[in-house]
Amino acid sequence: MAKVAIKKTSEIRAEYYRPNSFPTIWCPGCGIGNVVASMVRAIDTVGLKHDDTVVVTGIGCSGIIYNYLNFDAYHGIHGRAIPVAVGLKLANPRLNVIVPMGDGDSSAIGGNHLIHAARRNIDITAIVVNNSTYGNTGGQFSPLTPTGSITTTSPFGNIENSFDLCELAKGAGATYVARGATYYSRQMIDLIANGIRHKGFSLIEVISQCPVQYGRRNKLPTAVDLLKWQKENTVSVTRAKTMSPEELKGKFIIGELVNIEAPDQEYTARYERLIEKARSGGKS
Amino acid sequence: MPVKVCAVTIDQAVCKQCGICVAFCPKDVLVADKEGQVEVAYLEECSGCLMCELLCPELAINVDIAE
Amino acid sequence: MGKVTVISGNEACVEGALAAGVRFFAGYPITPSTPIAEGMSRRLPPIGGKFIQMEDEIASMNCIIGASLAGLKVLGATSGPGFSLKEESFGVAMLMEVPCTVIDVMRVGPSTGMATMPAQGDIMAARWGTHGDHPVIALAPSSVRECFELTVKAVNLAERFRTLVFVLTDAILASLLERVEIPDSVETVNRPRPTVPPAQYKPYQITPDGVPPMADFGAGYHWYASSNMHDERGFLATDQHAVAWTLAQRLRDKILKHKDEVTFYSTEWMDDAEVVVYAFGSTARSARAAVKMARAKGIKAGFVKTQTIWPFPEELVSKIAEKARTIVVPEMNMGQMVEKVREVVCGRAKVVSVARVDGILIPPAEILEAIK
Ligand code: SF4
Ligand code: SF4
Ligand code: SF4
């Protein structure tokens with residue numbers, strides 16, 4: 001994987017964050033700050049124009065991401081970031097539409113929108129901050145919470161199975177799917193940058209840490225504990241290929257999982273062709 | 001090629017003392033005092049790996065490397 | 001010279017939207033509004049517009065909000081259950097002040113009700129369906145021609161006031177075929193856009209007429225559209241009581257202080273009227289016939305057809321109450337509009353409700369009975 005040129009943090013702060021953004025609203029050690037920083041560094045790496053870049057968020061701790069960045073930004077309602085992003089992108093395909101969401105936002109209430117945006121293969125970049133919980137409402141289990149976890153709504157342990165969101169997106173037709181983790185920040189920047197460059201629907205799931213509402217209840221009380229847990233429970237795509245299903249149980253595979261280059265199959269590109277066809281009286 | 005690190009600066013007004021930088025610095029350059037305040041204790045050990053800078057959720061760390 | 005054609009109410013809504021400049025539609029199939037979506041899917045692409053069929057009603061509403069933020073004039077259309085599903089998102093368009101027009105082809109409810117049968121049961125859902133306080137503009141046509149005209153007006157008002165506007169039609173108008181003249185062009189309105197440089201731009205500025213200029217996303221203004229209570233810059237004000245209160249009042253006032261711009265109605269036989277029928281939508285057709293029949297019998301009956309459902313035309317109803325002995329309010333619901341009429345009349349005249357929800361257009365004879 002190409003090594004990312006790292007711009008100084010002070011420059012990143014000055015260029016992309018609003019003045020007085022720090023300290024942020026998030027709890028000490030919260031991984032959302034890491035994801036935003038990587039997202040911004042990825043935007044910087046790709047060289048997106050400020051004016052052409054839009055950030056769309058939903059609700060929850062991750063919903064506040066928009067609040068620090070100096071882009072056109074949207075903070076809507078729970079679960080509906082993706083359809084707003086679809087509207088923006090289809091109305092103005094020139095826009096780079098980036099959609100950071102939480103695990104509850106993207107996989108529960110907004111799960112239907114996620115799979116259909118993937119199916120349409122519309123060129124938006126969805127970033128899922130997966131910290132295994134609804135942090136903002138006090139730590140309930142989400143569809144991405146590991147089975148057995150203690151949360152405020154699974155006080156005896158979560159009996160539900162969790163989604164593999166990347167597999168779901170892949171099955172739905174996303175043409176770029178990757179999983180990263182906040183501990184591997186350089187890789188995360190790379191994965192998001194490639195997702196932004198990719199012409200088509202991109203999903204980047206980032207394993208993140210919520211020490212306050214998740215870690216604390218699951219014997220991983222600090223951000224440091226959760227990051228160490230990440231180190232121990234993630235395996236790279238390459239290594240995963242050499243491991244048996246038994247060995248992979250409970251592990252998160254990180255890296256690029258799907259990358260299908262087919263820019264002409266992207267939704268807004270198809271739409272342009274549809275318009276041409278309609279203009280010529282329905283004949284292609 | 002070894003790099004020369006001139007400074008590791010912590011924006012103390014912003015630092016939330018989460019301890020991430022201290023825990024993951026491979027060279028143990030950073031230490032937290034009893035109150036949790038992060039100090040750059042062994043700058044001379046710093047390899048300029050940027051682990052601390054990239055892992056800080058508050059973007060509170062700047063590592064200055066001389067070219 | 002316009003084009004004279006025979007079309008349905010649904011088709012007239014499509015024509016009105018296009019004439020008003022709508023270039024984006026997102027929807028989901030639902031009876032009886034589906035032909036509006038079908039019409040848009042056929043008509044938009046040849047003129048470079050965009051139609052998208054979304055995965056559900058909620059997605060459709062959020063999708064047009066996104067497209068409107070990108071600067072396009074947008075339309076949504078739905079019926080009963082779909083209207084309920086969109087309610088939370090209606091609140092977004094209102095609070096964020098994103099111009100959107102939504103047509104609700106009313107059918108019998110609640111729930112699936114009678115999917116193909118007309119009703120006027122969404123009057124209160126349009127007013128108070130989304131949680132919290134908010135302004136609302138809702139117009140109701142009573143003919144195919146009015147479907148065209150009021151859709152044009154709705155799109156213009158959405159842009160004029162940076163808000164959500166409803167057009168409440170019903171299952172009768174949806175498929176009713178009438179002869180209409182589609183003008184070559186109509187008067188259109190564009191949302192106010194900023195004239196200041198980006199650094200000075202306030203997306204929720206307190207302007208004298210209450211409507212802040214709106215920059216398109218992607219135009220370099222870098223602003224926040226927030227579903228939270230927000231200050232003039234669009235920044236979070238979830239713990240600032242005064243800011244929230246100022247915003248809530250401005251949202252209300254920007255509509256209520258311009259009631260003259262959003263109040264549309266017509267009157268007939270009112271000079272000496274003692275009994276007045278106050279009607280809207282398809283029911284107004286029966287109501288007018290009933291008043292004519294009453295006049296033929298020598299009864300001093302008058303007719304008021306309101307095209308504006310919300311904001312409620314209080315001055316108009318008050319004026320009627322001063323002159324009339326009785327006000328008859330026919331509607332295809334269990335008596336939603338009549339409540340508001342009673343409140344305004346406040347005992348000055350007798351208010352008679354003619355209400356039914358069985359999917360049948362109230363026949364003129366039934367209204368005539370009430371007039372007598
Ligand atoms: S509750 Fe969890 S996710 Fe939310 S800010 Fe705190 S640590 Fe982060
Ligand atoms: S990682 Fe950042 S916020 Fe956490 S202790 Fe270090 S400097 Fe402070
Ligand atoms: S740059 Fe690397 S070695 Fe230097 S202080 Fe930071 S983490 Fe430690």
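Residues numbered from 1 in each chain as written. Chains lettered and ligands numbered in written order. Predicted model: local features only at pLDDT ≥ 70, side-chain atom pairs only at ≥ 80, totals over all residues. Heavy atoms only, no water.

Q: I would appreciate a short explanation of the overall build of chain A in the present structure.
A: Along chain A, the regular secondary structure elements total eleven helices and eight strands. Here chain A has a C-alpha radius of gyration of 19 Å; the compact-globule value for 284 residues is 19 Å, and the two agree. Each principal axis of the C-alpha atoms in chain A carries an extent, and together these give about 65 × 45 × 35 Å. Counting over 284 residues, chain A shows a buried share of 61%. For chain A, long-range pairs separated by at least 24 residues make up 66% of all intrachain contacts whose partners lie at least 6 apart in sequence. Accessible area of chain A: about 10800 Å², with a carbon and sulfur share of 55%. For chain A, the centre of its 31 positive side-chain charges and the centre of its 24 negative side-chain charges are spaced 1 Å apart. (Helix = DSSP H or I, 4+ residues; strand = E, 2+ residues; numbered from the N terminus. Rg over C-alpha atoms; globule rule 2.2 N^0.38 Å. Buried < 20%, exposed > 50% of the residue type's maximum accessible area, 1.4 Å probe, protein only. Contact = heavy atoms within 4.5 Å. Areas by Shrake-Rupley, 256 points an atom, 1.4 Å probe, with all protein chains shown as cover. Lys, Arg positive; Asp, Glu negative; His and termini not counted. Charge placed at Lys NZ, Arg CZ, Asp CG, Glu CD.)

Q: Where do I start with the arrangement of the chains in this structure?
A: Of all two pairs of chains in contact, the one with the most contacts involves chains A and C. A gap remains between chain B and chain C, with no contact made and the closest C-alpha atoms lying 20 Å from each other.

Q: Please clarify how the sheet that holds strand S13 (residues 301-306) of chain C should be interpreted in this entry.
A: One key point about sheets: their strands pair by backbone hydrogen bonds, in either a parallel or an antiparallel sense. All names here are of chain C. In spatial order, the strands read S11-S13-S12-S15-S16; together these five strands make up an open sheet with mixed pairing. The open sheet has two edge strands with one neighbour each: strand S11 (265-268) and strand S16 (350-355). Adjacent strand axes in the sheet meet at a mean angle of 20 degrees, parallel and antiparallel pairs treated alike. As defined by bridge partners, strand S12 (residues 275-279) adjoins strand S15 (residues 326-331) across three bridges and the pair is classed as parallel. Among the inter-strand pairings, Val277 is bridged to a residue of S15, identified as Val328. The strands touched by helix H11 (residues 314-323) are S11, S12, S13 and S15; relative to S12, the strand with the most contacts, the crossing angle is about 165 degrees. (Pairing = 2+ DSSP bridges. Axes fitted to C-alpha atoms, helices over the stretch in contact; angles between N-to-C directions.)

Q: Can you walk me through the layout of surface pockets in this structure?
A: One simple way to see leftover space: roll a probe sized like a water molecule over the atoms. A volume near 730 Å³ is recorded for the largest pocket. For the largest pocket, the lining is made up of 30 residues, of which C:His131, C:Gly132, C:Asp133, C:His134 and C:Pro135 are closest to its centre. For the lining of the largest pocket, the elements supplying multiple residues, two or more each, are helix H4 (80-96), helix H5 (123-128) and helix H8 (241-256) of chain C. By residue number, the principal contributor to the lining of the largest pocket is H8(C), which donates seven residues. Residues of the lining of the largest pocket, tallied by class, amount to 16 nonpolar, seven polar and seven charged. Residues from two domains meet in the lining of the largest pocket; each of domain 1 (3-182) and domain 2 (265-371) of chain C gives at least three. The calculated volume of the second largest pocket comes to roughly 590 Å³. Forming the boundary of the second largest pocket are 20 residues, of which A:Asp164, A:Arg179, A:Gly250, A:Lys251 and A:Phe252 lie nearest the centre. Here the residues of the lining of the second largest pocket are counted per class, giving nine nonpolar, four polar and seven charged. (1 Å grid on protein atoms, 1.4 Å probe; cavity = no way out; pocket = protein on both sides within 12 Å on 5 of 7 lines; lining within 4 Å. Points joined across faces, edges and corners; volume = space filled by probe spheres on them. Nonpolar A, V, L, I, M, F, W, Y, C, P; charged D, E, K, R; others polar. Domains from an automatic or database assignment.)

Q: Teacher, can you tell me more about the site of ligand 2 here?
A: Contacts to ligand 2 come from B:Ile10, B:Cys15, B:Lys16, B:Gln17, B:Cys18, B:Gly19, B:Cys21, B:Val38, B:Cys56 and B:Ile61. The residue makeup of the shell around ligand 2, split by class, is seven nonpolar, two polar and one charged. (Near = heavy atom within 4 Å.)

Q: Looking at this structure, I do not really get the sheet that holds strand S5 (residues 176-181) of chain A. What am I missing?
A: Ordered by their spatial adjacency, nine strands build an open sheet running S7(A)-S8(A)-S5(A)-S6(A)-S4(A)-S3(A)-S1(A)-S2(A)-S10(C), and the pairing between neighbours is mixed. On the outer flanks of this sheet lie strand S7 (234-236) of chain A together with strand S10 (224-226) of chain C, each paired with one strand and no other. Sheet twist, expressed as the mean angle between neighbouring strand axes with direction ignored, is 20 degrees. Judged from the six bridges that link them, strand S4 (residues 124-130) of chain A and strand S6 (residues 202-207) of chain A form a sheet pairing that is parallel. In the strand pairing of S6(A), A:Thr125 is matched with A:Ser202.

Q: Explain the packing of aromatic side chains to me, please; I cannot follow it from the model alone.
A: How two aromatic rings sit relative to each other is set out by the distance from centre to centre and by the angle between their planes. Residue and element names in this part refer to chain A. By the definition in use, this model includes 19 aromatic pairs over all chains. Look at Tyr183 and Tyr184: their rings are 4.9 Å apart centre to centre, the planes differ by 85 degrees, and that puts the pair in the edge-to-face class. Judged by relative accessible area, which is 10%, Tyr183 ranks as buried. Judged by relative accessible area, which is 27%, Tyr184 ranks as partly exposed. (Phe/Tyr/Trp six-rings, centres within 6.5 Å; stacked < 30°, edge-to-face > 60°.)

Q: Please explain the interface of chain C and chain A as it appears in this structure.
A: As a measure of interface size, the accessible area lost when the parts come together is often cited. With 42 residues of chain C at the contact, the number on the chain A side is 42 residues. Each partner contributes to the roughly 3300 Å² buried at the junction of chain C and chain A, and carbon and sulfur atoms together form 58% of this total. Among the residues chain C hides against chain A, the three largest losses belong to C:Glu55, C:His222 and C:Tyr224. Together they make up 21% of the total. Here chain C and chain A share one salt bridge between them. The partner of A:Arg120 in a salt bridge is C:Glu55, with the nearest N and O atoms 2.9 Å apart. Remark: the boundary between chain C and chain A carries 23 residue pairs in polar contact (both at pLDDT 80 or more). Elements that contribute at least two residues to the side of chain C that touches chain A include exactly strand S3 (50-53), helix H3 (57-69), H4 and S10 of chain C. The element that contributes the greatest number of residues to the side of chain C that touches chain A is H3(C), accounting for eight residues. Here the residues of the side of chain C that touches chain A sort into 25 nonpolar, twelve polar and five charged. Sheet analysis places strand S2 (residues 72-75) of chain A next to S10(C), joined by three bridges and oriented parallel. (Buried area = accessible area lost by both parts, 1.4 Å probe. Salt bridge = Lys/Arg side-chain N within 4 Å of Asp/Glu carboxyl O. Polar contact = N/O pair within 3.5 Å; in protein donor to acceptor, adjacent residues only side chain to side chain.)

Q: Sorry, what's going on with the environment of B:Ala66 here?
A: Note that B:Ala66 resides in strand S4 (residues 61-66). Along the sequence, B:Ala66 and B:Val31 sit 35 residues apart, while their C-alpha atoms lie 23 Å from each other.

Q: Could you clarify how one ought to interpret the packing of H11(C) against helix H12 (residues 337-345) of chain C in this entry?
A: A pair of packed helices is captured by two measures, namely the crossing angle of their axes and the spacing between those axes. All names here are of chain C. Contact geometry of H11 with H12 gives a least axis separation of 9 Å together with a crossing angle of 65 degrees. In terms of crossing hand, the pair formed by H11 and H12 is right-handed. Across from Glu314, Val317, Ser318 and Ala321 in H11, the residues of H12 making contact are Lys340, Val341, Val344 and Val345. Of the residues belonging to the contact of H11 with H12, the class tally is five nonpolar, one polar and two charged. (Left-handed = near helix turned anticlockwise from the far one by under 90°.)

Q: Explain the site of ligand 3 to me, please; I cannot follow it from the model alone.
A: In the neighbourhood of ligand 3, the contacting residues comprise B:Cys25, B:Pro26, B:Lys27, B:Val29, B:Cys46, B:Ser47, B:Gly48, B:Cys49, B:Leu50, B:Met51, B:Cys52 and B:Val63. In the shell around ligand 3, the residues fall into nine nonpolar, two polar and one charged.

Q: Could you clarify how one ought to interpret the interface of chain A and chain B in this entry?
A: Taken together, the contact between chain A and chain B spans 32 residues of the former and 23 residues of the latter. For the pair chain A and chain B, the two sides together bury roughly 2100 Å², of which 62% comes from carbon and sulfur. Linking chain A to chain B there are two salt bridges. Between B:Asp64 and A:Lys8 there is a salt bridge whose closest N-O contact spans 2.6 Å.

Q: Mind showing me how you'd approach unusual backbone geometry here?
A: Across the chain, the bulk of peptide bonds are trans and the bulk of non-glycine residues have phi less than zero. Cis geometry marks the peptide bond from C:Thr31 to C:Pro32; its omega dihedral reads 0 degrees. For C:Pro32, the position within the fold is in the loop between strand S2 (22-27) and helix H2 (34-43). The omega torsion of the bond from C:Gly109 to C:Pro110 falls at 5 degrees, within 30 degrees of zero and hence cis. For A:Ser132, which is not glycine, the phi torsion reads 70 degrees and is therefore positive. In this structure, A:Ser132 sits in the loop between S4 and helix H6 (165-172). Backbone geometry at C:Cys346 places phi at a positive 50 degrees, although glycine is not the residue there.

Q: Which parts of the structure should I look at to understand H4(C)?
A: Since there are 3.6 residues in each turn of an α-helix, residues three or four apart along the chain are aligned in direction. Residue and element names in this part refer to chain C. With 17 residues, H4 extends 24 Å from end C-alpha to end C-alpha; this agrees with the ideal 24 Å at 1.5 Å per step. The sharpest bend along H4 comes to roughly 50 degrees, located at Glu87. Directly after H4, the chain includes Glu97, whose backbone phi takes a positive value near 60 degrees. (Expected span 1.5 Å × (residues − 1). Bend = angle between axes of the 7 residues up to and from the residue.)

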